[in-house]
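Analysis of the macromolecular model
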Amino acid sequence: MDKKRIWEAVRPYVMILPAMTGIVLFVLYPVAYLIKLSFYKYNLMNKDKSKFIGTDNYTQIFSREDFYTALLNTVVYTIGVVVLTLVLSLIIAVWLNKRKRFNAIVQAGIFTPHIISIVSVALVWMWLMEPNHGLLNFLLKTFGLPGSTWLQNSSTAMISIIIVSVWQNIGYYTLIIVAALQSIPPSIYEAAALDNASKFQVFRKITLPLISPQLFFILIIMTIGSFKVFDTVKIMTGGGPNGATTTLVYYIYEFRTNSIGYASATGVVLMAIIALLTVVYFRVLSKKVHYQ
Amino acid sequence: MASIEFVNVTQSFDKNVIIKDLNLKIEDGKFTVLVGPSGCGKTTLLRMIAGLDPQTSGSVLINGKDVTRIPPGQRGVAMVFQNYAIYPTMSVRENIEFGLKNNKVPKDERKRLVESISETVGLAGYLDRKPSTLSGGQRQRIALARAMVKKPSVFLMDEPLSNLDAKLRVQMRIELIEMHKKLGTTFVYVTHDQVEAMSMADTIVLMNQGQIQQEAAPEVIYRQPNNLFAAQFIGVPPMNIAELGIDNVMFGFRPESGVLSTEPLATHFQVPGTIVTREMLGSETIYQVKSEEQAYMIKCTEDRFVVDQEVYLGVEAGNLFFFGADENRIDREDGRFSSYLEALGGRSKVLVMRGQANG
Ligand SMILES: Nc1ncnc2c1ncn2[C@@H]1O[C@H](COP(=O)(O)OP(=O)(O)OP(=O)(O)O)[C@@H](O)[C@H]1O
Ligand SMILES: [Mg+2]
């Protein structure tokens with residue numbers, strides 16, 4: 001009898017044990033270890049020479065110019081990607097939603113970039129963006145516009161990377177928004193038509209609020225994803241030219257060999273920033289999101 | 001206030017013709033009920049008035065004016081949808097107010113209107129709630145209030161009560177009738193429930209397969225149905241129909257005009273039979289009587305018979321209907337009427353005699 005009661009109490013924990021083991025091993029432990037490392041001056045060659053230095057790494061982070069550059073780059077990148085992707089996918093989705101006929105074809109086409117490896121995407125765009133022989137400059141010149149230096153110049157490199165990321169993301173998010181739009185019952189639009197609502201009013205007062213949960217989801221997912229951008233930067237610019245595209249994760253990556261402790265501390269800071277952003281989003285925006 | 005007129009209206013979706021060359025005039029200020037079986041085109045008709053699905057050809061006139069090119073919001077019509085189509089992200093107040101806002105009604109006027117309407121429909125305490133926190137009946141009232149507040153000249157309602165429970169439905173039915181009396185505007189009300197149609201309508205428009213079968217007051221449709229369809233659609237249980245055996249003519253009578261007795265009757269039509277089922281509904285009882293050729297439903301106010309009992313079923317001459325081979329009703333004034341009546345009377349005598357011989 002008593003045994004049975006104990007089993008009753010223990011059973012839930014046993015049930016979640018397999019999943020929890022994975023989470024502890026591959027999420028919690030690394031995070032804890034990361035935090036621990038961030039308090040050390042770590043020596044990769046000789047572990048015994050590692051030294052606990054308290055918050056020195058953090059002090060260093062916040063006093064170094066290049067950290068702020070990386071942070072600013074990341075913020076610029078994130079805002080650029082999130083705003084452009086959201087606005088463009090919203091426009092495309094609304095447009096697609098009205099045209100049921102070739103909807104399927106366009107959706108498939110627009111989704112394709114998402115299933116191609118970012119390495120291929122980045123390489124193709126590097127060709128396109130080549131200032132002398134690239135297709136983009138060729139096109140610009142054909143239309144009589146001045147060519148761009150694209151990735152080669154510190155003032156245009158960031159926007160170039162943003163363009164590539166937006167291009168890769170847009171199909172996926174368009175698809176999510178189209179799905180959200182299609183779940184709105186048509187009779188609501190008919191009621192609005194009878195209420196003499198203008199197109200703009202319908203969009204602002206009916207469509208937007210009804211897809212706000214999905215937009216909110218996209219906003220959070222993309223902000224987090226963009227803050228962690230690495231692959232595009234690594235392949236296309238290697239953080240250059242002159243550090244113009246060094247984002248936080250790439251910054252951490254640069255310290256991977258000679259100062260693990262410092263890199264770890266930056267990782268913790270990145271984690272904190274993302275957590276903070278998410279909390280702020282929820283605080284500020286969740287009242288504007290209409291869950292049904 | 002407005003009358004509505006359909007002139008040679010045809011509506012088709014992807015080559016499927018749903019309504020063909022329909023002509024109909026809906027009178028100003030009347031409570032008109034469109035009724036018919038599922039899929040007969042009632043909603044389609046309503047949506048053409050609203051302008052949500054413009055007709056393929058022909059014209060719809062509101063107050064004598066062709067509204068084909070006028071967008072739904074400017075036709076002066078309000079519609080209560082079958083599923084209510086309430087804006088889920090807006091509060092009750094915003095739902096009611098939305099149309100007024102779009103029509104640029106000033107703010108304090110809006111506030112006054114919303115408050116008085118919500119008082120009328122009994123939503124006064126709920127103005128700042130979200131529709132998702134309200135019951136089905138309350139949501140239905142939002143839909144009504146949203147339509148009423150615009151002071152439309154035409155009120156369109158598409159089965160607004162079909163989602164409510166039986167009790168609330170009866171209550172709302174009365175409220176709608178009262179509302180119509182108070183507002184005096186043109187109501188066009190769609191239902192497939194003939195009880196609703198009978199109890200609410202000034203005029204019933206009975207439809208089947210995109211065609212109007214009869215357009216008349218409830219009592220006229222009940223007493224003088226145009227054709228077999230109208231006879232069998234209105235009334236519960238529907239009119240009993242049987243073959244007369246001459247010229248493919250059918251005869252019929254309402255279940256409530258049948259008389260049952262254990263002795264032969266003196267009625268014009270009668271037939272011996274056996275009671276096969278008995279449904280006791282409280283104030284009345286419905287028997288199914290099976291004769292040699294056919295089963296008849298009979299509604300009695302008294303509950304005197306039991307299943308398997310042998311009875312005589314009789315109907316007075318005044319309660320008999322005849323329908324020609326084209327399914328249209330043969331009028332009493334029609335020359336053929338009396339000969340068919342006579343034929344039926346003769347047949348009854350034979351049947352009764354045979355029944356007595358057997359029994
Ligand atoms: N948008 C549409 N596209 C194609 N066919 C349609 C469309 N709307 C209605 N129909 C067809 O028109 C016919 C009439 O439909 P309608 O909705 O008017 O029926 P109803 O009388 O309102 O039926 P119910 O009582 O079930 O609501 C149906 O056969 C339906 O399939
Ligand atoms: Mg319908």
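Reading the values: the criteria
- Residues numbered from 1 in each chain as written.
- Chains lettered and ligands numbered in written order.
- Predicted model: local features only at pLDDT ≥ 70, side-chain atom pairs only at ≥ 80, totals over all residues.
- Heavy atoms only, no water.
- Helix = DSSP H or I, 4+ residues; strand = E, 2+ residues; numbered from the N terminus.
- Rg over C-alpha atoms; globule rule 2.2 N^0.38 Å.
- Buried < 20%, exposed > 50% of the residue type's maximum accessible area, 1.4 Å probe, protein only.
- Contact = heavy atoms within 4.5 Å.
- Buried area = accessible area lost by both parts, 1.4 Å probe.
- Salt bridge = Lys/Arg side-chain N within 4 Å of Asp/Glu carboxyl O.
- Polar contact = N/O pair within 3.5 Å; in protein donor to acceptor, adjacent residues only side chain to side chain.
- Nonpolar A, V, L, I, M, F, W, Y, C, P; charged D, E, K, R; others polar.
- pLDDT = per-residue confidence, 0-100.
- Near = heavy atom within 4 Å.
- Areas by Shrake-Rupley, 256 points an atom, 1.4 Å probe, with all protein chains shown as cover.
- Domains from an automatic or database assignment.
- Pairing = 2+ DSSP bridges.
- Axes fitted to C-alpha atoms, helices over the stretch in contact; angles between N-to-C directions.
- Phe/Tyr/Trp six-rings, centres within 6.5 Å; stacked < 30°, edge-to-face > 60°.
- Lys NZ or Arg CZ within 6 Å of the ring centre and 35° of its normal.
- Left-handed = near helix turned anticlockwise from the far one by under 90°.

**Here we look at the overall build of chain A**
For chain A, the count of helices and strands is 12 helices and 2 strands. In sequence order, chain A lays out its α and β elements as α-β-β-α-α-α-α-α-α-α-α-α-α-α. Relative to its length of 292 residues, chain A is extended, with a C-alpha radius of gyration of 24 Å against a globular reference of 19 Å. Within the span of chain A, comprising 292 residues, buried residues form 41% of the whole. Summarising the internal contacts of chain A: among those between residues at least 6 apart in sequence, 66% fall at separations of at least 24.

**Side note on the interface of chain A and chain B**
The accessible area lost on association of the parts is a frequent measure of interface size. In this assembly, 17 residues from chain A lie in contact with 24 residues from chain B. Across the chain A/chain B interface, buried area totals approximately 1800 Å², and carbon plus sulfur atoms make up 59% of it. For the chain A face of the interface with chain B, the top three residues by lost area are A:Leu194, A:Asp195 and A:Asn196, together amounting to 40%. Linking B:Arg47 and A:Glu190 is a salt bridge whose minimum nitrogen-to-oxygen distance equals 2.7 Å. Put simply, chain A and chain B have 11 residue pairs in polar contact (both at pLDDT 80 or more) between them. Contributing elements (two or more residues each) for the side of chain A that touches chain B: α8 (186-194) and α9 (199-227) of chain A. In terms of residues, the side of chain A that touches chain B owes the most to one element, α8(A), which gives 7 residues. Residues belonging to the side of chain A that touches chain B are distributed by class as follows: 9 nonpolar, 5 polar and 3 charged.

**Looking at the confidence of the model for chain B**
With 99% of its residues at a pLDDT of 70 or more, chain B shows a mean pLDDT of 90. The complex model carries a pTM of 0.80, and its ipTM stands at 0.81.

**Examining the site of ligand 1**
Residue and element names in this part refer to chain B. The full set of residues close to ligand 1 is Phe 13, Ile 18, Ser 38, Gly 39, Cys 40, Gly 41, Lys 42, Thr 43, Thr 44, Glu 159 and His 192. Residue Gly 39 places a main-chain N or O atom 2.8 Å away from an oxygen atom belonging to ligand 1. At 3.2 Å, a side-chain N or O of Glu 159 approaches an oxygen atom of ligand 1. Protein burial of ligand 1: of its 630 Å² of free accessible surface, 60% is covered by the chains. Among the elements that make up the shell around ligand 1, the one with the highest residue count is helix α1 (residues 42-50) (3 residues). Split by residue class, the shell around ligand 1 holds 3 nonpolar, 6 polar and 2 charged.

**Points about the environment of B:Val154**
Residues and elements named next belong to chain B. Within the secondary structure, Val 154 sits in strand β7 (residues 154-158). For Val 154, a relative accessible area of 0% corresponds to the buried category. Residues Val 154 and Val 77 lie 77 residues apart in sequence; the distance between their C-alpha atoms is 4.7 Å. Beyond its immediate sequence surroundings of up to four residues, Val 154 is in contact with Ala 2, Ile 4, Gly 76, Val 77, Ala 78, Thr 186 and Val 188.

**Some points on the domain arrangement of chain B**
All names here are of chain B. Taken as a whole, chain B is organised into domain 1 (4-228) and domain 2 (237-358). Taking only C-alpha atoms into account, the centre of domain 1 sits 40 Å from that of domain 2. Of the residues lining the interface, 8 residues belong to domain 1; the matching set on domain 2 comes to 10 residues. Between domain 1 and domain 2 the total buried area reaches about 760 Å² when both faces are included, carbon and sulfur atoms providing 57% of it. Area buried by domain 1 at its contact with domain 2 is led by Tyr 222, Pro 225 and Leu 228, which between them contribute 69% of it. Among the elements that take part in the side of domain 1 that touches domain 2, helix α7 (residues 218-223) stands out by supplying 3 residues, more than any other. Counted by class, the side of domain 1 that touches domain 2 contains 4 nonpolar, 3 polar and 1 charged residues.

**Some points on the pairing of strand β8 (residues 186-191) of chain B**
Residue and element names in this part refer to chain B. A large share of β8 lies buried, amounting to 6 of its 6 residues. Burial of the side chains of β8 extends over both faces: Thr 186, Val 188 and Val 190 are buried on one face and Phe 187, Tyr 189 and Thr 191 on the other. Summarising the sheet, strand β3 (residues 31-35) and β8 pair through 5 bridges and their orientation is parallel. Following the sheet pairing, Val 35 is matched in β8 by Thr 191.

**A few points about the sheet that holds strand β9 (residues 203-208) of chain B**
Residue and element names in this part refer to chain B. Taking strand neighbours across the sheet as the criterion, the 6 strands line up as β6-β7-β8-β3-β9-β10 in an open arrangement whose pairing is mixed. Edge positions in the sheet fall to β6 (77-80) and β10 (211-216), since each of these pairs with one other strand and no more. Averaged over neighbouring strand pairs, the angle between their axes works out to 15° when direction is ignored. Bridge analysis of β6 against β7 gives 4 bridges, and the strand direction is parallel.

**Topic: unusual backbone geometry**
Residue and element names in this part refer to chain B. With an omega of -15°, the peptide bond running from Val 236 to Pro 237 counts as cis. Position of Pro 237 among the secondary structure elements: in the loop between α8 (228-233) and β11 (240-243). Even without being a glycine, Lys 15 presents a positive backbone phi close to 70°.

**Here's the deal with the packing of aromatic side chains**
Applying the stated rule across the entire model yields 29 aromatic pairs over all chains. Measuring from centroid to centroid gives 4.8 Å for A:Phe255 and A:Tyr262, while their planes differ by 70°, and the two rings are edge-to-face. Comparing A:Phe255 with A:Tyr262, the two get one shared label, buried. Taken together through their ring pairs, the aromatic side chains of A:Phe62, A:Phe67, A:Tyr68, A:Tyr251, A:Phe255 and A:Tyr262 make up a single cluster. The residue whose ring lies beneath A:Arg256 is A:Tyr253, and the NZ or CZ to ring-centre distance is 4.1 Å. One cation-aromatic arrangement involves B:Arg146 over B:Tyr87; the distance from NZ or CZ to the ring centre is 4.7 Å.

**A closer look at the packing of helix α3 (residues 65-98) of chain A against α9(A)**
Residue and element names in this part refer to chain A. It is at 10 Å that the axes of α3 and α9 come closest, and there the two elements cross at 145°. Where α3 crosses over α9, the handedness of that crossing is right-handed. Contact residues: Leu 71, Thr 74, Val 75, Tyr 77, Thr 78, Val 81, Val 82, Thr 85, Leu 86, Leu 90 and Val 94 in α3; Phe 203, Leu 208, Ile 211, Leu 215, Ile 218, Leu 219, Met 222, Thr 223, Ser 226 and Phe 227 in α9. Partitioning the contact of α3 with α9 into residue classes produces 16 nonpolar, 5 polar and no charged.

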